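# Coordinates in review
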Amino acid sequence: MSRERLDGHLRRYYGSQQLDATTLERLKQLAQVETRAEVPESSTHGSQGRRRFASRLLGATTAVAALVLLTFVLPALRSDPVARPEALAGSIAREIALNHVKNLTVEFPAEGYPGLREQMGKLDFSLRSPEHTGGGGAFRVIGGRYCSIQGQLAAQIKLEDGAGRLLTLYQTDFSEDFEGLSMQQRELEGIQIRIWREGDLLFGLAASEI
Amino acid sequence: MKKRSMQLRARSGESEKARDEDLDELFQRGFRYALALSHDPDRAADLLQDACVSCLRAGAAWRTGYLFSAIRSRFVDQYRRQMISVVEPIGDPGALERAGAAEDPTHDELFRADLDHLDRALGGLRADEREALYLSAVEGYSAREIAEATGRPRGTVLSVIHRARRKLRDRLRDSGIEETL
């Protein structure tokens, strides 16, 4: 068999392999959670020299932008009692949305919060059922796993509502880092995010539709 | 075959539909590359998903190069032992059945049967051999580009590709299906 013929069969074989539609949709949703500026394509239009120049220009621009951010913007956000919680809420919402669309399997299957508490002993807070989910109905606990919110250990709990929809609930200790954060309701690329405080815990709830 | 390097069309310049199609193609290619490495559809989907999350966290643009690199990195992390030391056996090539050859098979059945044979033959190659073959035959990478992507000398890459083709031909010949392919 010639090399061309063999390669043709390989192309045909791999061309017939498809990622399933559900996973594909989930990945596309994931890709759209955060919108980033795309770097202009230089590899197909420019010479090596132009590519290097564009790369250096991009690097220099990024460095200047980072300097401005560190020098002016971040201190301003820290000192602004309104802007900082707003930025923090946005960051948490993105983190929650990202974790939600990853749809990771549960590590600790459980039918309720007592079962989860028993299995997730590394948490430095006590897991509990939230009072203000905003969904109006009861949720069935499927299980949980460890995760982090803003670098802080958290619990990620998979829930199912009466209509069979999967939701992801997050709980973590409401540390001083979250001070000033108020109840938030946001939408990111079709994912409904709700963030709120109950006593000493910070809660987050994500669902593709609530 | 020309190498298909791609980057998503920017949101501002193209329609959402075009971007959606780009994402489709990017993820399907990522899946096939992960499949070439793992030869397991479930593992390939997991590798792709992990790589996407990694790209997102790193703030990398949605480009083939970044995605392939993240997939490879995850694969090497997860399957390092197998990749280095295990030569996956093909089993008894004579046991390969000529599915669809029984009675009056349709074109689709023959097509499927051929792909099944190729699938088994590919399963007998090592991960690095499948990877090199995939990048060369399907993605159209040159030996130099594969060497850069995989961190190997160009000569080694050429040798791996040559060996992979030979093994694939042998396995197909042994199973008696070369002519039908």
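As the structure is a computational prediction, the values presented were derived from the model and not from experiment.

### So, the overall build of chain B
- Of regular secondary structure, chain B possesses seven helices and zero strands.
- From first element to last, N terminus to C terminus, chain B shows the α and β order α-α-α-α-α-α-α.
- Every one of the 181 residues in chain B was classed for burial, and the buried ones make up 50%.
- Long-range contacts, defined as pairs at least 24 residues apart, comprise 64% of the intrachain contacts of chain B with a sequence gap of at least 6.
- Accessible surface computed for chain B: about 8800 Å², of which carbon and sulfur atoms make up 47%.

### A word on the nonpolar core
- Grouped together as the largest cluster of nonpolar side chains are 76 residues, with contacts concentrated most on F27(B) and L168(B).
- Setting aside residues up to four positions removed in sequence, L168(B) forms contacts with L6(A), L10(A), L118(B), A121(B), L122(B), L125(B) and L133(B).
- Among the nonpolar cores identified, the runner-up in size contains 20 residues, and L116(A), V141(A), Y146(A) and A207(A) belong to it.

### Some details on the side chain of Q184(A)
All names here are of chain A.
- Relative to the elements of secondary structure, Q184 occurs in strand β5 (residues 184-188).
- Among the polar contacts listed, one links the side chain of Q184 to the side chain of R186, at a separation of 3.3 Å.
- With sequence-adjacent residues up to four places away left out, Q184 is seen in contact with E86, A89, I193, R194 and I195.

### Describing the confidence of the model for chain B
- In this model, chain B carries an average pLDDT of 75, and 66% of its residues clear a pLDDT of 70 or more.
- For chain B, helix α4 (residues 107-123) of chain B is the element with the lowest average pLDDT, namely 71, and helix α5 (residues 127-138) of chain B is the one with the highest, namely 93.

### Points about helix α6 (residues 143-150) of chain B
- Where α6(B) is concerned, the buried positions are A143(B), E145(B), I146(B), A147(B) and T150(B).
- At the exit of α6(B) stands G151(B), carrying a positive phi of roughly 70°.

### Things to note about the pairing of strand β2 (residues 140-149) of chain A
Residues and elements named next belong to chain A.
- Taking burial as the measure, the ten residues of β2 include seven buried ones, the bulk of the element.
- Here two bridges tie strand β1 (residues 108-109) to β2, and the two strands are oriented antiparallel to one another. Bridge pairing links F108 to G144 in β2.
- Pairing analysis gives nine bridges linking β2 to strand β3 (residues 152-160), with the strands arranged antiparallel. Residue pairing for β3: I149 is matched across the bridge by Q152.
- Between β2 and β3, which pair antiparallel in sequence order, lie two residues; one of them, Q150, sits at a positive phi of approximately 55°.

### Thoughts on a negative patch on the surface
- A contiguous patch of negative charge, built from D20(A), D42(B), D46(B) and D50(B), is present on the exposed surface.
- Here D42(B) is to be found in helix α2 (residues 41-58).

### A few points about the sheet that holds strand β4 (residues 166-173) of chain A
- Read from one edge of the open sheet, seven strands run β1-β2-β3-β4-β7-β6-β5 (chain A), paired in antiparallel fashion. The outermost strands of the open sheet, each flanked by one partner alone, are β1 and β5 of chain A.

### Concerning the packing of helix α1 (residues 3-15) of chain A against helix α7 (residues 154-174) of chain B
- Two elements in contact, α1(A) and α7(B), have axes whose closest approach is 11 Å; the angle formed by their N-to-C orientations is 80°. Taken together, α1(A) and α7(B) sit at an angle that is classed as roughly perpendicular. For the pair α1(A) and α7(B), contact is made by R3(A), L6(A), D7(A) and L10(A) and by R165(B), L168(B), R169(B) and L172(B), respectively.
- Its residues placed into classes, the contact of α1(A) with α7(B) shows four nonpolar, no polar and four charged.

### Quick word on the confidence of the model for chain A
- Per-residue pLDDT for chain A averages 77, and the proportion of residues at 70 or more is 72%.
- Here residues 35-49 of chain A is modelled with pLDDT under 50, and outside its nearest four sequence neighbours on either side it reaches 24 contacts, counting other chains as well.

### Some thoughts on the pairing of strand β7 (residues 201-207) of chain A
All names here are of chain A.
- The element β7 is largely enclosed, with a buried count of seven among its seven residues.
- The two faces of β7 match: L201, F203, L205 and A207 on one face and L202, G204 and A206 on the other face are all buried.
- Judged from the seven bridges that link them, β4 and β7 form a sheet pairing that is antiparallel. Each bridged residue has a counterpart across the sheet, and for L167 the counterpart in β7 is A207.
- Hairpin connection, strand β6 (residues 191-198) to β7: the antiparallel pair is bridged by two residues, and G199 has positive phi, about 60°.

About the criteria used
- Residues numbered from 1 in each chain as written.
- Chains lettered and ligands numbered in written order.
- Predicted model: local features only at pLDDT ≥ 70, side-chain atom pairs only at ≥ 80, totals over all residues.
- Heavy atoms only, no water.
- Helix = DSSP H or I, 4+ residues; strand = E, 2+ residues; numbered from the N terminus.
- Buried < 20%, exposed > 50% of the residue type's maximum accessible area, 1.4 Å probe, protein only.
- Contact = heavy atoms within 4.5 Å.
- Areas by Shrake-Rupley, 256 points an atom, 1.4 Å probe, with all protein chains shown as cover.
- Core = buried A, V, L, I, M, F, W, Y, C linked by side-chain atoms within 4.5 Å.
- Polar contact = N/O pair within 3.5 Å; in protein donor to acceptor, adjacent residues only side chain to side chain.
- pLDDT = per-residue confidence, 0-100.
- Pairing = 2+ DSSP bridges.
- Patch = residues over 30% accessible without salt bridge, like charges linked within 9 Å, V, L, I, M, F, W, Y side chains within 5 Å.
- Salt bridge = Lys/Arg side-chain N within 4 Å of Asp/Glu carboxyl O.
- Lys, Arg positive; Asp, Glu negative; His and termini not counted.
- Charge placed at Lys NZ, Arg CZ, Asp CG, Glu CD.
- Axes fitted to C-alpha atoms, helices over the stretch in contact; angles between N-to-C directions.
- Parallel < 35°, antiparallel > 145°, perpendicular 65-115°, else oblique.
- Nonpolar A, V, L, I, M, F, W, Y, C, P; charged D, E, K, R; others polar.

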